[in-house]
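The primary structure of each chain is shown beneath.
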Amino acid sequence: MNAIKKLDTDPVASRRLLIAAQILALIAYGLGLQFLLRTTGGTVFVFSTLGPVLVGICVLILAGVTIHRFLRSHSLFSYEIFQPGEIVFQQGEQGDCAYFINSGEVEVVVVENGQEKVVAVLREGQYFGEMALITSHPRNATVRAVNATKLAVLGKKNFLTMLNLMPSARKDIMHTVTERAMKTSASQ
Amino acid sequence: MRFQKLWLAVAVALATSPMRLYAQPSRFQQDPVEQYGARVLTLVIVTGIAVVLYSLIRYRGRLTGPISWALLALGVAILPALSSGFGTVLVFERAERVEFCESCHLTMKAFVTDMKNPQSESLAAIHFKNKYIPDDQCYVCHTSYGLFGTVQAKREGMHDVFVYYTRTFKFPIKLRHPYPNNDCLKCHAESVKWLGVHGDFKEDLFAGKTSCLECHGQTNPAHNIPDERASR
């Protein structure tokens, strides 16, 4: 339950879960090899009881993360709450949604040569995370909640549909994207 | 190129190793389930390990697109499920082998050693050395006829493995229940030779009123094991 809650707010958690699933799969493969190379009561017992349990956990993790990602990328303004210091997304991650700040503040942090640099602070009414959806490039900055922050999440599909359907919103967003890109390159 | 050749050599060596390590004694008796099943399972496992390691190193848990997702699904779901499937077939196959029973050294080794001893005149040894039962001798004699017999044997076998590895077994090793006549009769009954000797009281044998071991156990015990290790 805790892991699922974490998954909702922290994309790093889904990566950790997937890595854990891969490690569990490696253990399951190891049990299989052990059974093949040395068939005894113990190896058969472990392979035929623990093996399927490990595989089942792996499949559940993969299915859970995949469904979560699908729902996120098709999200239509679902709300997520972040506590101060919590990371919304990290630089270098693949983006699947944009965020609209309902309340609170976030800071946009760029990591250069291992040093963190705050390039902007965004407040209620502003949005972020749109650039990765338009360019399909990884996130170019890390975003962190400064105080308790409520964000409305718009999935990539719905975000792009909105741009197509609302030319005025597209114009405004493209203007912001250009401005932010210039600001980011200037800060580097 | 050199790396690819090395990879191929490792894969072939791994794929054939289970056959070498768990080979059957006579070439004309190669079991296709063991022969191909073990190789396929090894290839599935080796491929799975390679896919998972590649995915871990290349993507580190990130799902960046369809390829990373496909590799992840292959490594943690599809290939493990396949290996469980092939593995189950092999588990059922190998769990019937004498070598498998013998692997519980402390409890079963003495029984198997007696059975394989050409000097022994126990019933097990007589059946073994004369090839009355071609293979899987422990399993054949200690499993009742039909599907229910197999299920019962597997269930009791799992219990035995648990008792063995938790070291909760006690000497002397005993059968759970008296040896049933049916386990002898499933092979011997109604043959001409058997009818010649047992025809007069065969109904008693079928009904279990007389035990086969009442007569045969006196001259030839089922196993020749020291009393402190096992009851006869």
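Mind laying out the sheet that holds strand E5 (residues 115–123) of chain A, listing which residues take part and the relevant values?
Residues and elements named next belong to chain A. Strand order in the open sheet formed by four strands is E2-E7-E4-E5, and the pairing between neighbours is antiparallel. Whereas interior strands pair on both sides, the edge strands pair on one side only; in this sheet they are strand E2 (87–89) and E5. Each neighbouring strand pair of the sheet contributes to a mean axis angle of 30°, computed without reference to strand direction. Pairing of E2 with strand E7 (residues 142–145) involves two bridges; the strand directions are antiparallel. By the bridge assignment for E7, Ile-87 is matched with Arg-144.

Explain the side chain of Thr-149 of chain A to me, using residue names and the numbers behind them.
Residue and element names in this part refer to chain A. In this fold, Thr-149 is placed in strand E8 (residues 149–155). Only 3.0 Å separates the side chain of Thr-149 from the backbone oxygen of Glu-105, close enough to count as a polar contact. A polar contact of 2.5 Å, which involves the side chain of Thr-149, links it to the backbone oxygen of Asn-147. Sequence-distant contacts of Thr-149, that is, excluding residues within four places in its chain, are made with Glu-80, Ile-81, Phe-82, Ile-101, Ser-103, Gly-104, Glu-105 and Val-106.

Please provide a residue-by-residue account of the environment of Tyr-132 of chain B, values included.
Residues and elements named next belong to chain B. The residue Tyr-132 is located in the loop between helix H6 (123–129) and helix H7 (137–141) in this model. Expressed as a C-alpha distance, the spacing of Tyr-132 and Cys-187, which sit 55 residues apart in the sequence, is 9.7 Å. With residues up to four places along the chain from it excluded, the contact list for Tyr-132 reads Ile-126 and His-127.

Got a sec to walk through the side chain of Asp-183 of chain B? Specific residues and values, please.
All names here are of chain B. The residue Asp-183 is located in helix H9 (residues 181–188) in this model. Buried charge without a partner: Asp-183 forms no salt bridge, and the closest opposite charge is Lys-186, 4.5 Å away. Residues contacting Asp-183, with those up to four places away along its chain left out, are Cys-141, His-142, Thr-143 and Ser-144.

Lay out helix H2 (residues 32–59) of chain B with the relevant residues and their values.
Over its 28 residues, H2 of chain B extends 39 Å from the first C-alpha to the last, a length consistent with the 40 Å expected when each residue adds 1.5 Å. In the stretch just after H2 of chain B, Arg-60 of chain B is the one whose phi turns positive, near 50°.

Tell me about unusual backbone geometry, residues and numbers included.
In this chain, Phe-171 of chain B is followed by Pro-172 of chain B through a cis amide linkage whose omega measures -5°. The backbone of Phe-77 of chain A sits at a positive phi, close to 55°, despite the residue not being glycine. Here Phe-77 of chain A shows up in strand E1 (residues 76–82). The phi dihedral of Asp-136 of chain B is positive, around 50°, even though this residue is not glycine. Within the secondary structure, Asp-136 of chain B is located in the loop between H6 and H7.

Could you give an account of the packing of H2 of chain B against helix H3 (residues 66–94) of chain B, with specific residues and numbers?
Pairs of packed helices are described in terms of their axes, by the angle between the two and the distance that separates them. Residue and element names in this part refer to chain B. Remark: H2 packs on H3, axes separated minimally by 9 Å, with the N-to-C direction vectors making an angle of 155°. As summarised for this structure, H2 and H3 are arranged roughly antiparallel, according to the angle between their axes. Between H2 and H3 lies a crossing of left-handed hand. The residue inventory of the contact of H2 with H3, partitioned by class, reads 19 nonpolar, eight polar and three charged.

Hey, could you go over the sheet that holds E8 of chain A for me, with residue numbers and the actual values?
Residues and elements named next belong to chain A. Strand order across the open sheet formed by four strands is E1-E8-E3-E6, with antiparallel pairing between neighbours. Taken across any chain shown, the strands that pair with only one partner, and hence form the sheet edges, are E1 and strand E6 (127–128). Here six bridges tie E1 to E8, and the two strands are oriented antiparallel to one another. Looking at E8, one finds that Ile-81 is bridged to Lys-150. Sheet strands in contact with helix H5 (residues 156–165) are E1, strand E3 (97–103) and E8, and its direction is about 75° off that of E8.

Rules behind the numbers
- Residues numbered from 1 in each chain as written.
- Chains lettered and ligands numbered in written order.
- Predicted model: local features only at pLDDT ≥ 70, side-chain atom pairs only at ≥ 80, totals over all residues.
- Heavy atoms only, no water.
- Pairing = 2+ DSSP bridges.
- Helix = DSSP H or I, 4+ residues; strand = E, 2+ residues; numbered from the N terminus.
- Axes fitted to C-alpha atoms, helices over the stretch in contact; angles between N-to-C directions.
- Polar contact = N/O pair within 3.5 Å; in protein donor to acceptor, adjacent residues only side chain to side chain.
- Contact = heavy atoms within 4.5 Å.
- Buried < 20%, exposed > 50% of the residue type's maximum accessible area, 1.4 Å probe, protein only.
- Lys, Arg positive; Asp, Glu negative; His and termini not counted.
- Salt bridge = Lys/Arg side-chain N within 4 Å of Asp/Glu carboxyl O.
- Expected span 1.5 Å × (residues − 1).
- Parallel < 35°, antiparallel > 145°, perpendicular 65-115°, else oblique.
- Left-handed = near helix turned anticlockwise from the far one by under 90°.
- Nonpolar A, V, L, I, M, F, W, Y, C, P; charged D, E, K, R; others polar.

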